[in-house]
Amino acid sequence: MTAKEFPGVPADLAEVVERHGHAVAAGDNATVLADFRPDRVGQLLASARPPEGMHSAELLDVEPGPDGLFSAFIRYTGTGGEAVFRSRWIQLDGTWLVTQVRNVPDTPPRTSMAHPSDDGLDAPHWEGLRRGELRMQHCPRCDRWTWSPRPICPGCHATDLEWPVVDPVGRIYSWTRTWQPFSPEVTGHLPYVVVVVELPGAGNRRILGVLLDGDGADVRIGAEVKGEIEPAADPEGYPLLRWRLV
Ligand SMILES: [Zn+2]
């Protein structure tokens, strides 16, 4: 086998990456596991989502990446479609190993909790998203914003709470980048960045969400973000509010 050549990429790495792609497509798990960095096997196994009935691999590109790592792009084809993985490679004790892997493009995970709660308390929020609006709970009597929703105002105990539209613009109060496949629904979307956003338009109440294009983004506390409403996955489903760095 003659390995392809890529500018700035060691020839032996290109060869290893090409062999790795064929091993993945062939379901040769022993070879694939041996290519993984030993301390990250559990994470790497469930990071990326292959196509159904995967049967072939094509090495698209290898390029020098951040932090001295090399990024390889491999397209996997199956009976159910195709998927492109970006694996990052590191040389440890003379051996090239996978230290990160993900599907590209970078898409955010969709949680199974993306719908109104059983008690219906937050239904106006979800119905608002269906109309393209961010709506949060507000007490007209004492001007207090509440999130997450409550049956009565925690400030003055009023029950006639409103759901005004809030400008989806805020600041990052806190954030974290998740590399671990904590639940099956995040596979194919790792890593992703969760942000806690403080909303000046809602009395600085904070709301949780996923940052778009968070992989590799320079995320800072205090950074300005803007909300974007992602359409529902199906007609019965609900849209999701996502965030993007301004
Ligand atoms: Zn109140």
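The name recorded for the protein in an unreviewed UniProt entry is OB-fold protein, from Pseudonocardia halophobica.

Caption draft 1: Fine view of unusual backbone geometry. At the junction of tryptophan 147 and serine 148, the peptide bond is cis and its omega measures out at 5 degrees in the coordinates. On the secondary structure map, serine 148 appears in the loop between strand S6 (144-146) and strand S7 (169-178).

Caption draft 2: Quick look at the sheet that holds strand S3 (residues 81-92). Read across the open sheet, the four strands follow the order S1-S2-S3-S4; overall the sheet is antiparallel. In the strand order of this sheet, the two ends are held by strand S1 (54-64) and strand S4 (95-104), each with one partner. Taking the axes of each pair of neighbouring strands and ignoring which way they run, one obtains an average angle of 25 degrees across the sheet. The pairing of S1 with strand S2 (residues 70-78) spans nine bridges and is classified as antiparallel. Opposite methionine 54, over in S2, you have glycine 78 as the bridge partner. The sheet contacts of helix H1 (residues 11-26) involve S1, S2, S3 and S4, and relative to S1 the element is tilted by about 155 degrees.

Reading guide: rules and limits
Residues numbered from 1 in each chain as written. Predicted model: local features only at pLDDT ≥ 70, side-chain atom pairs only at ≥ 80, totals over all residues. Heavy atoms only, no water. Helix = DSSP H or I, 4+ residues; strand = E, 2+ residues; numbered from the N terminus. Pairing = 2+ DSSP bridges. Axes fitted to C-alpha atoms, helices over the stretch in contact; angles between N-to-C directions. Contact = heavy atoms within 4.5 Å.

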